[in-house]
Amino acid sequence: QEKLVTEEYRRWHVRRPVTDPRDILREEQIYQQADAITVPSTFAARSFAEMGIPPEKVHVIPYGVRLESFARTAAPPPNRFEVLFAGAVGLRKGVPYLLESFARLRHPAKRLRIAGPLHPDLRPVLQSLPQEHVEFLGPVTQPRLAELMSTSHLMVLPSIEEGLALVQGQALACGCPVLCTTNTGGEDLFTSGVEGFIVPIRDVPALTERMQQLADDPILQATMSHAALQRVRTLSGWGDYGDRWEALLHNLIS
């Protein structure tokens, strides 16, 4: 996270620390001493290996997904193309790449709704980014988020880095296909090309291409939406998360 987000700040000429260096030193000492490290996604496990942690020390235990508050409440409008972003609105979430790719999207009635609090690191950058047909909604309640997901043709999460974004599972539960990057943990929640798409980070052309593909193909929209509703039935809950933790602990002490 420190490496990727620092790179992002340099790209956008934002001068602010990502974390306190003392925290990183402390965490690295803990990693050295630990018998096992748990992470919530395959992406997170790869990141630990890339930074020199022995792969056999890292165990993937995905977070449980609670979907009681998320279900399809309506359908997206047939005569528009509605795109949604949900989460902290900042550089770590790749919001500039979303705005740039959405500006390239060709559709006569497109709209991008951005739900979530504005992070301070984006404020000095925002004025230089395209914002036509974009609505900043600020923080929203879970019922309102479920409504936004249900009435959107696509949720885009172009994050630079995060362990496992549970908002992706929530979108699937509302029948909303997901377009995410390789660094969101999305590969542990859905299959690219079936319930949505997974693209590289910072890849504006790839984001635009996948948005355009869905905007131009109502049949693909419907197919992915149906697949998303089917996929959520297989997502694990917090009970499974606890069971996996228990099994890991038993293995460690034996």
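These figures come from a predicted structure and were not determined experimentally. (Residues numbered from 1 in each chain as written. Predicted model: local features only at pLDDT ≥ 70, side-chain atom pairs only at ≥ 80, totals over all residues. Heavy atoms only, no water.)

## Observations concerning helix H4 (residues 95–104)
In terms of residue burial, H4 counts as a mostly covered element, since seven of its ten residues are buried. Within the sequence span of H4, burial applies to Val 95, Pro 96, Tyr 97, Leu 98, Leu 99, Ser 101 and Phe 102. (Buried < 20%, exposed > 50% of the residue type's maximum accessible area, 1.4 Å probe, protein only. Helix = DSSP H or I, 4+ residues; strand = E, 2+ residues; numbered from the N terminus.)

## Quick notes on the sheet that holds strand E4 (residues 110–115)
Within the open sheet, the six strands sit side by side as E5-E4-E3-E6-E7-E8. Their pairing is parallel. Edge positions in the sheet fall to strand E5 (134–138) and strand E8 (196–199), since each of these pairs with one other strand and no more. Neighbouring strand axes in the sheet, compared pairwise and without regard to direction, differ in orientation by 20° on average. Alignment of strand E3 (residues 81–86) against strand E6 (residues 154–157), held across two bridges, turns out to be parallel. Across the sheet, residue Val 83 finds its bridge partner in E6, namely Leu 154. (Pairing = 2+ DSSP bridges. Axes fitted to C-alpha atoms, helices over the stretch in contact; angles between N-to-C directions.)

## A short note on the pattern of salt bridges
Summed over the entire model, instances satisfying the criterion amount to 16 salt bridges. We note a salt bridge from Arg 244 to Asp 240, for which the minimum N-O separation is 3.0 Å. Residue Arg 244 and its partner Asp 240 are located together in helix H10 (residues 238–253), separated by four residues, close to a single helical turn. Relative accessible area serves as the criterion here: at 28%, Asp 240 is assigned to the partly exposed category. Look at the salt bridges and you will find they share partners, linking Arg 80, Glu 82, Arg 111, Arg 113 and Glu 135 into a network. (Salt bridge = Lys/Arg side-chain N within 4 Å of Asp/Glu carboxyl O.)

## Description of the state of the cysteines
In a disulfide, the sulfur atoms of two cysteines are covalently bonded to one another. Tallied over the entire structure, the rule returns zero disulfides. This cysteine, Cys 174, is not joined by any disulfide, and Cys 176 carries the nearest cysteine sulfur, 7.7 Å off. With a relative accessible area of 0%, Cys 174 lands in the buried category. Just so you know, Cys 180 is unpaired, no disulfide at all, and the nearest cysteine sulfur is the one on Cys 176, 12 Å from it. (Disulfide = S-S within 2.5 Å.)

## Re the packing of aromatic side chains
Working definition: an aromatic ring pair is given by the centre-to-centre distance plus the angle between the planes. Evaluated as defined, the whole model comprises five aromatic pairs. Taking the centre distance of 5.2 Å and the plane angle of 70° together, the rings of Tyr 31 and Phe 48 count as edge-to-face. Here Tyr 31 is found in helix H2 (residues 21–33), whereas its partner Phe 48 is found in helix H3 (residues 42–50), with 17 residues between them in sequence. What makes Tyr 31 partly exposed here is its relative accessible area of 24%. Their ring planes at 50° and their centres at 6.3 Å tell us that Tyr 63 and Tyr 241 sit as a pair that is tilted. With a gap of 178 residues between them, Tyr 63 in the loop between strand E2 (58–60) and E3 and Tyr 241 in helix H10 connect regions that are remote in the sequence. Through a chain of ring-to-ring contacts, three or more aromatic side chains come together here, namely Tyr 63, Trp 238 and Tyr 241. (Phe/Tyr/Trp six-rings, centres within 6.5 Å; stacked < 30°, edge-to-face > 60°.)

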